Structure formats: C-alpha cells, structure tokens
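This is what each chain is made of:
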Amino acid sequence: MADPAEQLQQIYLAGFELKTFERFPKCVGVVRNDCIALLVPTPQGLQMLGTPGWQIGEVMGVLTEVGGRTVFQAKEEMVEATPERLEELRRFREDLGRLL
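Residues numbered from 1 in each chain as written. Predicted model: local features only at pLDDT ≥ 70, side-chain atom pairs only at ≥ 80, totals over all residues. Heavy atoms only, no water.

1. A few points about the environment of T70
Reasoning step 1: When you line up the elements, T70 lands in strand β6 (residues 69–74).
Reasoning step 2: Taking the C-alpha atoms as reference, T70 lies 19 Å from A37; in sequence the two are 33 residues apart. (Helix = DSSP H or I, 4+ residues; strand = E, 2+ residues; numbered from the N terminus.)

2. As for the sheet that holds strand β4 (residues 45–56)
Reasoning step 1: Spatial strand order, β1-β2-β3-β4-β5-β6-β7: 7 strands in an open sheet with antiparallel pairing. A strand with exactly one partner marks an edge of an open sheet, and here the two such strands are β1 (17–21) and β7 (77–80). Recorded for the sheet is a direction-independent mean angle of 40° between the axes of neighbouring strands.
Reasoning step 2: Pairing between strand β2 (residues 24–32) and strand β3 (residues 35–42): 5 bridges, direction antiparallel. Counterpart to G29 in the pairing with β3 is L38.
Reasoning step 3: Strands in contact with helix α1 (residues 4–13) are β1, β2, β3 and β4; relative to β4, the strand with the most contacts, it is inclined by about 35°.
Reasoning step 4: The sheet strands contacting helix α2 (residues 83–99) are β2, β3, β4, β5 (59–66), β6 and β7, and the helix crosses β4 at an angle near 165°. (Pairing = 2+ DSSP bridges. Axes fitted to C-alpha atoms, helices over the stretch in contact; angles between N-to-C directions. Contact = heavy atoms within 4.5 Å.)

3. Some thoughts on α2
Reasoning step 1: Along its 17 residues, α2 runs 25 Å from first to last C-alpha, staying within 8% of the 24 Å computed at 1.5 Å per residue.
Reasoning step 2: What α2 keeps buried is the set E88, L89, F92 and L96. One face of α2 carries all of its buried residues, which in axial projection span an arc of 100°. Exposed side of α2, more than 90 degrees from the buried face: P83 and R98 are the residues found there.
Reasoning step 3: On its buried face, α2 sits against α1, β2, β3, β4 and β6. (Expected span 1.5 Å × (residues − 1). Buried < 20%, exposed > 50% of the residue type's maximum accessible area, 1.4 Å probe, protein only. Arc of directions from axis to C-beta.)

4. Some thoughts on the side chain of E88
Reasoning step 1: As for its position among the elements, E88 is in helix α2.
Reasoning step 2: Within the structure, the side chain of E88 is placed 3.0 Å from the side chain of N33, a separation counted as a polar contact.
Reasoning step 3: Leave out the neighbours within four places in its chain, and E88 touches R32, N33, C35 and W54. (Polar contact = N/O pair within 3.5 Å; in protein donor to acceptor, adjacent residues only side chain to side chain.)

5. Considerations on the pattern of salt bridges
Reasoning step 1: On inspection of all chains with the given rule, the structure shows 7 salt bridges.
Reasoning step 2: Ionic pairing is found between R90 and E87, a salt bridge with its closest N-O pair at 2.5 Å. Residue R90 and its partner E87 are both found in helix α2; the two are separated by 3 residues, about one turn of the helix.
Reasoning step 3: Among the ionic pairs, R90 bridges to E94, the shortest N-O distance being 2.6 Å. You can see R90 and its partner E94 sitting in helix α2, 4 residues apart, about one turn around the helix.
Reasoning step 4: Of the residues examined, R90 reaches a relative accessible area of 36% and is grouped as partly exposed.
Reasoning step 5: Looking at E94, the relative accessible area reads 38%, which means it is partly exposed.
Reasoning step 6: Connected through salt bridges with shared partners, the residues E87, E88, R90, R91 and E94 form a single ionic network. (Salt bridge = Lys/Arg side-chain N within 4 Å of Asp/Glu carboxyl O.)

Here you go:
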C-alpha cells in the first residue's frame, strides 16, 4: 500500500505543482504546464479521478469535440486542443502515472 503523503512528496519533487480546490475538498490537484489532474486517496494510495485535462483559469477543461474541432472545454470556455497541447497532456499523464 502506497502512502499518499510520500506519493505527494515524490510528485512535488518531480516538478508538479500541488493545489487544493474548494469544490473538491477530498482531492488534490496536480498541475504542470497547464495540464491538470485530480488525485484522490484510496486504500491503495493516490489515484487519478477521471482523466487529466487542461487548466482553464481555476477549472479543468476536458477534452471534447465541438463543431468538428477538438478542444478542452470548461463550461462555456474553450481552448484549442493543438497537437502540442495534446502531446504535453500525453507526457503529463505518463509521467504522473509512473509516480502513482
């Protein structure tokens, strides 16, 4: 069983920023280069809640398609899902997954 405190320390030392969110009191946000994931403690240690997305202001935009375009969307706000952003998100997910 992984210790969540040790996991958070390793994540922080690997260059990720840790955030808390009022709307998600049981989760810890992990951010790097505008990519964001929510982590929740489980008996097996920290695990990602849902899939990582793109930080848009103080919220997480999820990857979706709108009008034939691939975007990260949080309510009415959208950010284009460029190949560079998608690659950054892929690396983020892989790096974070290795630490968990």
